[in-house]
Amino acid sequence: MESPPPATASPGAPTTHPGSIVGILAFAGIVAALTQTLVVPLIAQLPTLFDTSASNASWVITATLLAAAVSTPVAGRLGDMYGKRRMLLVSLVPLILGSVVCALSSSVIPMIAGRGLQGLGMGVVPLGISLLRDVVPAEKLGPSIAIMSASMGVGGALGLPFAAAIAENTSWRVLFWVVAVLALAVGALILALVPADRPATTVAGRFDLPGAIGLGAALIALLLAVSKGADWGWSSATTLTLFATALILLPTWGWWELRLRDPLVDLRVTARPQVLMTNTASVLVGFAMYAQSLVVPQLLQLPEATGYGLGRSMLAMGLWMAPAGLMMMAMSPVGAKLSAAKGPKVTLAVGSLLIAAGYGLSVPLIGSGSPWSLLLVTLVCNSGVGFAYGAMPALIMSAVPQSETASANSFNALMRSIGTSFAAAVIGVVLARMTTDFGGFPLPSENGFRVAMLIGCGVGLAAAVVAALIPVRTTKAPLDPPAPTTAPTRAHQEA
């Protein structure tokens, strides 16, 4: 397949260098990821700020998770139909509006609504990665994908110290005004300098509204049960009903998608071994990536009197965590070179092994009394995440038609999100069950943290095994899609 022509901006705009395009899209990814960690320093204050219960306040985080899960595959499909750049700009609108609503909120309900709107903008990263295939020369595509993928880690890591510093020194509302301004700046840069998709990459067809509703309902039921199960009780009627609903809706949704010529998610493409196993590895990598994000901040902030806590403030914790996110960006060119030399499958396997190695290092270092030991753990783990996150989109895009890259990448992003949700549930259960008494209050025990890190290590090893088994299509241009045929259409018609 021929490489795309040189990138050109929208009519009347100057020609843009590919490096600038990558920088703008990476900036968009950083801003989107920033919103996910934005409220972490505020969690303990939310009940007081909005005169509500801790259970109600937790919906400020849950709303973003659910909205992102529902909107990401929809944004991907619409990106394939109407243009990825156009949908990037559309996705920024709820992100901006949600930030403004949060900044103006004086009670918990509008705050939850604003956070839900912010979640609707989480399709920015997979859309940006897919757009790169259309507007960046083929020889620069691998490094560009790696940089764009790493933006998620950078935004997430910088969000903690940024939010903590603002929350400690000024009004919490400033956090959301800053995000609104940054998102506006991203939109202006994309509008002025990022070229639109080539017309040949867009696809005609009718949007699958029933499929979007069905998938959204199934995901809400599943993720709500996973994220709130610990609060409601894993054996409670509400939790069990939600799990049962998801188990009924997901197969029904799959049956519906297989009947359509223009489905929301082409399950026949998703079932290709390379795509299926990459998505499986993505669930495991998402789990392994998030587990250490739940453990290390707690170890840094627990009182020193516990014998294993380090007694750092929220701001200090964020500063100790920030280098790990930056490491993802620093390692992305290395991962891209490895993918170019050995293939993204090898890079994904190596990244998964690095994640497992980081967790393995942590077991003897927990309780060492030094934040430097935990910094080392996060640097090793996030180096592996940087490798893995850059390799997964390359594996996906080399196995799907160019007209389905946004949809396929968005579905892959959804798989990672499901992995992080299950990590939060599993690690949460481990730390809640393995506790120690500290002044009359139960705190996660040292052994609980070790078990949590061992689970992360095991999941990282499992991801490496799955990556090693991915059957990669043999081609001289691994990032190009298979030659177009009419077979998928015939299959859909027969279905």
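Residues numbered from 1 in each chain as written. Predicted model: local features only at pLDDT ≥ 70, side-chain atom pairs only at ≥ 80, totals over all residues. Heavy atoms only, no water.

*Asks:* So what's going on with the overall build of the protein chain? Which residues, and what values?
*Replies:* Helix and strand counts for the protein chain come out as 19 helices and two strands. Against the globule reference of 23 Å for 495 residues, the protein chain gives a C-alpha radius of gyration of 22 Å, in line with a compact fold. For the protein chain, the C-alpha atoms occupy an extent of roughly 70 × 50 × 45 Å along the three principal directions. By the burial criterion, 54% of the 495 residues in the protein chain qualify as buried. Restricting to contacts in the protein chain with at least 6 residues of sequence separation, those with at least 24 account for 80%. Summed over all atoms, the accessible surface of the protein chain reaches about 19,400 Å², with 69% contributed by carbon and sulfur. Of the charged side chains in the protein chain, 25 are positive and 18 negative; the average position of the first set lies 6 Å away from that of the second. (Helix = DSSP H or I, 4+ residues; strand = E, 2+ residues; numbered from the N terminus. Rg over C-alpha atoms; globule rule 2.2 N^0.38 Å. Buried < 20%, exposed > 50% of the residue type's maximum accessible area, 1.4 Å probe, protein only. Contact = heavy atoms within 4.5 Å. Areas by Shrake-Rupley, 256 points an atom, 1.4 Å probe, with all protein chains shown as cover. Lys, Arg positive; Asp, Glu negative; His and termini not counted. Charge placed at Lys NZ, Arg CZ, Asp CG, Glu CD.)

*Asks:* Which residues make up the packing of helix H5 (residues 84-104) against helix H6 (residues 108-119), and what values go with them?
*Replies:* Angle between the axes and distance between the axes: these two values describe a pair of packed helices. Where H5 meets H6, the closest approach of the two axes is 7 Å, and the angle between their N-to-C directions is 160°. As summarised for this structure, H5 and H6 are arranged roughly antiparallel, according to the angle between their axes. H6 is crossed by H5, and the crossing has left-handed handedness. Taken together, the residues of H6 that come into contact with H5 (itself represented by Pro94, Leu95, Leu97, Gly98, Ser99, Val101 and Cys102) are Pro110, Met111, Gly114, Arg115, Leu117 and Gln118. Its residues placed into classes, the contact of H5 with H6 shows eight nonpolar, four polar and one charged. (Axes fitted to C-alpha atoms, helices over the stretch in contact; angles between N-to-C directions. Parallel < 35°, antiparallel > 145°, perpendicular 65-115°, else oblique. Left-handed = near helix turned anticlockwise from the far one by under 90°. Nonpolar A, V, L, I, M, F, W, Y, C, P; charged D, E, K, R; others polar.)

*Asks:* So, the environment of tyrosine 82: which residues are in play, and what are the values?
*Replies:* Turning to its location among the elements, tyrosine 82 is positioned in helix H4 (residues 59-82). Placed 115 residues apart in sequence, tyrosine 82 and aspartate 197 show a C-alpha to C-alpha distance of 9.4 Å.

*Asks:* Break down the pattern of salt bridges for me, citing the residues and quoting the values.
*Replies:* Close approach of charged atoms allows side chains with opposite charge to pair. Taken as a whole and judged by the stated rule, the model has four salt bridges. Between glutamate 304 and arginine 312 there is a salt bridge; the shortest N-O distance is 3.9 Å. Residue arginine 450 is joined to glutamate 446 by a salt bridge in which the shortest nitrogen-to-oxygen separation is 3.0 Å. Residue arginine 450 and its partner glutamate 446 are located together in helix H18 (residues 446-468), separated by four residues, close to a single helical turn. (Salt bridge = Lys/Arg side-chain N within 4 Å of Asp/Glu carboxyl O.)

*Asks:* Can you explain the state of the cysteines? Please cite residues and give values.
*Replies:* On inspection of all chains with the given rule, the structure shows zero disulfides. For cysteine 381, which is in no disulfide, the shortest distance to another cysteine sulfur is to cysteine 457 and amounts to 8.9 Å. You can call cysteine 381 buried: its relative accessible area is 1%. (Disulfide = S-S within 2.5 Å.)

*Asks:* Please provide a residue-by-residue account of helix H1 (residues 18-37), values included.
*Replies:* The first and last C-alpha atoms of H1 sit 29 Å apart over 20 residues, in line with the 28 Å expected at 1.5 Å per residue. For H1, the tally of buried residues reaches 14 of 20 residues, placing the bulk of the element in the interior. (Expected span 1.5 Å × (residues − 1).)

*Asks:* I'd love a proper account of unusual backbone geometry, names of residues and values included.
*Replies:* Look at aspartate 51: it is not a glycine, yet its phi comes out positive at around 50°. Tracing the sequence through the fold places aspartate 51 in the loop between helix H2 (46-49) and helix H3 (54-57).

*Asks:* Any details on the packing of aromatic side chains? Residues and values, ideally.
*Replies:* Summed over all chains, the structure comprises four aromatic pairs. Measuring from ring centre to ring centre gives 5.6 Å for phenylalanine 50 and tryptophan 172, while their planes differ by 75°; the resulting arrangement is edge-to-face. You can see phenylalanine 50 sitting in the loop between H2 and H3 and its partner tryptophan 172 sitting in the loop between helix H8 (138-169) and helix H9 (173-193), a full 122 residues away along the chain. Overall, phenylalanine 50 belongs to the buried group, its relative accessible area being 7%. Relative accessible area serves as the criterion here: at 11%, tryptophan 172 is assigned to the buried category. Connected via pairs of aromatic rings, a cluster forms that spans Phe50, Trp172 and Phe176. The side chain of arginine 416 reaches across the aromatic face of tyrosine 389, ending 4.7 Å from its centre. (Phe/Tyr/Trp six-rings, centres within 6.5 Å; stacked < 30°, edge-to-face > 60°. Lys NZ or Arg CZ within 6 Å of the ring centre and 35° of its normal.)

*Asks:* An account of the nonpolar core is needed here, citing residue identities and associated values.
*Replies:* Counting 55 residues, the largest nonpolar core has Leu25, Leu88, Leu132, Ile190 and Leu414 as the members making the most contacts within it. Of the residues forming this core, the biggest block, nine residues, is contributed by helix H10 (residues 209-232). One finds Ala164, Leu310, Ile355 and Ala388 within the second-largest nonpolar core, a separate group that totals 50 residues. (Core = buried A, V, L, I, M, F, W, Y, C linked by side-chain atoms within 4.5 Å.)

*Asks:* Quick one: what's the story with the packing of helix H13 (residues 273-301) against helix H16 (residues 371-397), residue by residue and with numbers?
*Replies:* Two elements in contact, H13 and H16, have axes separated by 10 Å at closest approach and are oriented at 160°. Classified by the interaxial angle, the pair formed by H13 and H16 is roughly antiparallel. In the packing of H13 onto H16, the handedness of the crossing is left-handed. Residue-level inspection shows Gln274, Val275, Thr278, Asn279, Ser282, Val285, Gly286, Met289, Gln292, Val296, Leu299 and Leu300 of H13 in contact with H16, the latter providing Pro371, Leu374, Thr378, Cys381, Asn382, Val385, Ala388, Tyr389, Met392, Leu395 and Ile396. In terms of residue class, the contact of H13 with H16 is made up of 15 nonpolar, eight polar and no charged.

*Asks:* Outline the side chain of threonine 72, listing residues and values.
*Replies:* Along the chain, threonine 72 turns up in helix H4. Within the local environment of threonine 72, its side chain forms a polar contact with the backbone oxygen of alanine 68, the two atoms lying 2.7 Å apart. (Polar contact = N/O pair within 3.5 Å; in protein donor to acceptor, adjacent residues only side chain to side chain.)

*Asks:* Please provide a residue-by-residue account of empty space enclosed by the protein, values included.
*Replies:* In the structure shown here, the tally under the stated rule is two cavities of 30 Å³ or more. Taken as a whole, the largest cavity encloses approximately 80 Å³ of empty space. Lining of the largest cavity is provided by Val265, Asp266, Val269, Thr270, Val275, Asn279, Ile396, Val400, Glu404, Ser407, Ala408 and Phe411. Contributing elements (two or more residues each) for the lining of the largest cavity: helix H12 (267-270), H13 and helix H17 (405-433). Classifying every residue of the lining of the largest cavity by side-chain character gives seven nonpolar, three polar and two charged. In terms of lining residues, the second largest cavity is bounded by Leu299, Tyr308, Leu310, Leu365, Ile366, Gly367, Ser368, Gly369, Ser370, Ser373 and Leu374. Residues belonging to the lining of the second largest cavity are distributed by class as follows: six nonpolar, five polar and no charged. (1 Å grid on protein atoms, 1.4 Å probe; cavity = no way out; pocket = protein on both sides within 12 Å on 5 of 7 lines; lining within 4 Å. Points joined across faces, edges and corners; volume = space filled by probe spheres on them.)

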